[in-house]
Amino acid sequence: MTRWNRAILHVDMDAFYAAVEQRDDPALRGRPVIVGGLSPRGVVATASYEARAFGVRSAIPTARARKLCPDGIFVAPKMEAYAAASRTLMEILGRYSPDVEPLSLDEAFVDLTGTERLFGPPDELAVRIRREIRDALHLTASAGLATSKYVAKVASDVRKPDGLTVVAPGTERAFLAPLSIDRLWGVGAKTAPRVRALGLETIGDVAARTAAGLHAALGHLGDHIHALANGEDPRSVHADRARLSLGSERTLDRDIVGRDAVRDALLPCIDEVSRGLRAKHLRCLGVRLKLTLATFQGLTRELQLDRPASDASSIRAALDVLLDRAPTELPIRLIGVTATGLIADERADQLSLFGDEAVDQRERLEAALDRATDRFGKGAVVRASALNRSGGD
């Protein structure tokens, strides 16, 4: 019997958004379903495996997806349904370990170390967990079981969809060896050429080199990939993993040019982020502006705040500074705002903690707007500036 001194399970739902749509609408089953923005300038969020056969992938423009898959069925995201399925998924995982680290709505690490006496061997428990997910959600999940987070994550991807890959202790190097270096965390489009220039094509090639030699050639990247190639990843599963950022972005119906036009387009994103911060009782220490040019070149600008904030006015003021540093004279197709450096809001109901009555008044106003939105629905109360500039009634 295999002795698991450490057992990490990575669970990844298969084509999650599209699978939920197919589950809820029998007419979509077996059809190429593409979930994402429906406008010609939208972006694909998830594609069913039937659509992937035509080359449709996440993050490609909707217009390109329509050309690749003319008979595809395009569906707008239904986040409420996906969130409900995610809650059930996390509840199932939580039955077997207190250490569950969600990475997204449809993906999580689970530390199964020490659960043998309660639930049996980890490989048998992995089968049981996948079966419970299927029975409860009528959806399939792929999973990888290994002694580290990295190997478990790679393993969950090699037999998609609806697969389970178990990498037993001591077999990590053999499992990883034939895989491409592109599967090494930290080896991306910019770093892969540097690694390949050393004659390294597979993870086994990396593992065969000495750590000192890779460090001399690649610095800290060499240390990092050498450890991963040998299956070494000591990171723990963090059940209380703190959220580091909260953002909102939009692909525009048409390209916009000019600082004022970009600022106006950002207003709904700003309100969404600030409302999200208050709903989660968080404040941010920084603000990041994201722009994608018409050429699909992406850029970001970031600013640290003078004081922790959750109100839209503070975020908007930071963006005013960032917009002065951005090439808003070029055509822009996507805009986004992210609150970074999130911390718990420990103010409770105390006012003037930061000695700024104007800020307190703004935050009381926005709290009142939140209550109105909760009672009457999103869009019941909007900023006059956003309404007028968008040409609304």
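For the structure itself, consult the block above.
Within any chain, residue numbers begin from 1 and follow the written order of that chain's sequence. Only residues with pLDDT of at least 70 are given local features in this predicted model, and only at 80 or more are side-chain atom pairs given and counted; all residues enter the totals for whole chains, interfaces and linings. Think of the side-chain values as coming from all heavy atoms in the structure, minus any hydrogens and water.

Caption draft 1: Molecular detail of the sheet that holds strand S8 (residues 164-166). A pair of strands counts as paired when DSSP detects no fewer than two bridges linking them. Every helix listed is a DSSP run of H or I at least four residues long, and every strand listed is a run of E at least two residues long, numbered separately from the N terminus. Reading across from one edge, S5-S6-S1-S7-S8 is the order of the five strands in this open sheet, with mixed pairing throughout. The open sheet terminates on both sides in strands that have one partner only, identified here as strand S5 (100-104) and S8. On average, adjacent strands in this sheet sit at an angle of 15° to one another, irrespective of strand direction. Of the strand pairs in this sheet, strand S1 (residues 8-13) and strand S7 (residues 141-146) are connected by six bridges, and their pairing is antiparallel. Paired with Asp12 across the strands is Ser142, a residue of S7. Any two residues having at least one pair of non-hydrogen atoms within 4.5 Å are treated as being in contact. Only C-alpha atoms enter the line fits that serve as axes; for helices the fit covers just the stretch in contact. Angles between N-to-C directions range over 0 to 180 degrees. Here helix H6 (residues 122-137) sits on the sheet in contact with S1, S7 and S8, set at roughly 165° to S7.

Caption draft 2: Expanded view of helix H12 (residues 220-229). Whether a residue is buried, partly exposed or exposed follows from its accessible area with a 1.4 Å probe, protein chains only, as a fraction of its type maximum: under 20%, in between, or over 50%, in that order. Those residues of H12 that sit buried are Leu221, Gly222, Ile225, His226, Leu228 and Ala229. Down the axis, H12 shows its buried residues gathered within 165° of arc, on one side only. Lining the buried residues of H12 we find helix H7 (149-157), helix H8 (172-176), helix H9 (192-196), helix H10 (203-208) and helix H11 (211-218). Positive phi shows up at Gly231, right after H12, with a value of about 75°. This arc describes the spread of directions from the helix axis toward the C-beta atoms.

Caption draft 3: Structural view of the environment of Pro331. On the secondary structure map, Pro331 appears in the loop between helix H14 (312-323) and strand S12 (332-340). Relative accessible area serves as the criterion here: at 36%, Pro331 is assigned to the partly exposed category. The spacing of Pro331 and Asp374 is 43 residues in sequence and 36 Å in space, taken between C-alpha atoms. Not counting chain neighbours up to four residues away, the residues in contact with Pro331 comprise Asp255, Ile256, Val257, Leu293 and Ala294.

Caption draft 4: Just the pairing of S1, in detail. Within S1, six of the six residues are buried, which leaves it mostly tucked inside the rest of the structure. Going residue by residue along S1, you find Ile8, His10 and Asp12 tucked away on one face and Leu9, Val11 and Met13 tucked away on the opposite face as well.

Caption draft 5: How the structure looks around the packing of helix H13 (residues 259-279) against H14. With their axes 9 Å apart at the nearest point, H13 and H14 run at an angle of 145° to one another. Seen along the crossing, H13 lies across H14 with a hand that is right-handed. Contacts between H13 and H14 pair Arg259, Val262, Arg263, Leu266, Leu267, Ile270, Asp271, Val273, Ser274, Leu277 and Arg278 from the former with Ala312, Ile315, Arg316, Leu319, Asp320 and Leu323 from the latter. Charged residues are taken to be Asp, Glu, Lys and Arg, nonpolar residues to be Ala, Val, Leu, Ile, Met, Phe, Trp, Tyr, Cys and Pro, and polar residues to be all remaining types, Gly included. Split by residue class, the contact of H13 with H14 holds ten nonpolar, one polar and six charged. When the near helix sits turned anticlockwise from the far one by under a right angle, the crossing is termed left-handed; a clockwise turn instead gives a right-handed crossing.

Caption draft 6: View of the pattern of salt bridges. Whenever a carboxyl oxygen of Asp or Glu lies within 4 Å of a side-chain nitrogen of Lys or Arg, that contact is scored as a salt bridge. A complete count under the given rule lists 20 salt bridges for this structure. A salt bridge links Arg235 to Asp233; its shortest N-O distance comes to 2.8 Å. Assessed through its relative accessible area of 38%, Arg235 is described here as partly exposed. For Asp233, a relative accessible area of 8% puts it in the buried group. Where Arg250 meets Glu272, a salt bridge forms, and the shortest distance between an N and an O atom there is 3.3 Å. Taken together, the positions of Arg250 in strand S9 (residues 245-256) and Glu272 in helix H13 put the pair 22 residues apart, joining distant regions of the chain. Each of Arg259, Arg263, Asp320 and Asp324 takes part in one network of salt bridges that share partners.

Caption draft 7: Summary view of the environment of Ala146. Mapped onto the fold, Ala146 is located in strand S7. For the pair formed by Ala146 and Leu330, sequence separation is 184 residues and the distance between their alpha carbons is 48 Å. Ala146 has contacts with Trp4, Arg6, Ala7, Ile8, Val151, Ala152 and Val167, leaving out every residue within four places of it along the chain.

Caption draft 8: Region of interest: H6. Across its 16 residues, H6 extends 22 Å between first and last C-alpha, which sits within 8% of the 22 Å expected from 1.5 Å per residue. Elements in contact with the buried residues of H6: S1, helix H1 (16-24), helix H4 (79-94), helix H5 (116-119), S7 and S8. Of the residues trailing H6, His138 is marked for its positive phi of about 55°. Given a helix with a known number of residues, its expected span is that number minus one, times 1.5 Å.

Caption draft 9: Highlighting unusual backbone geometry. Residue Pro161 is bonded to the preceding Lys160 through a cis peptide linkage, with omega at -5°. Secondary-structure assignment places Pro161 in the loop between H7 and S8. Despite not being glycine, His138 shows a phi value in the positive range, around 55°. On the secondary structure map, His138 appears in the loop between H6 and S7. The phi torsion at Phe296 lies on the positive side, around 75°, for a residue other than glycine. Within the secondary structure layout, Phe296 lies in the loop between strand S10 (282-293) and strand S11 (298-309).

Caption draft 10: Highlighting the state of the cysteines. Count a disulfide wherever a pair of cysteine sulfur atoms falls within 2.5 Å. Within the structure shown, the criterion is met by zero disulfides. With no disulfide of its own, Cys284 lies closest to Cys269 among cysteine sulfurs, the gap being 15 Å.

Caption draft 11: Up close: the sheet that holds strand S4 (residues 73-75). The three strands are arranged S3-S2-S4 in an open sheet whose pairing can be described as mixed. Sheet topology places strand S3 (44-47) and S4 at the edges, where each strand pairs with a single neighbour. Averaged over all pairs of adjacent strands, the angle between their axes in this sheet comes to 25°, without regard to strand direction. Pairing between strand S2 (residues 33-36) and S4: three bridges, direction parallel. Bridge pairing links Ile34 to Phe74 in S4. Contacts between H1 and the sheet are confined to S2, S3 and S4, with S2 contributing the most and set at about 120° to the helix.

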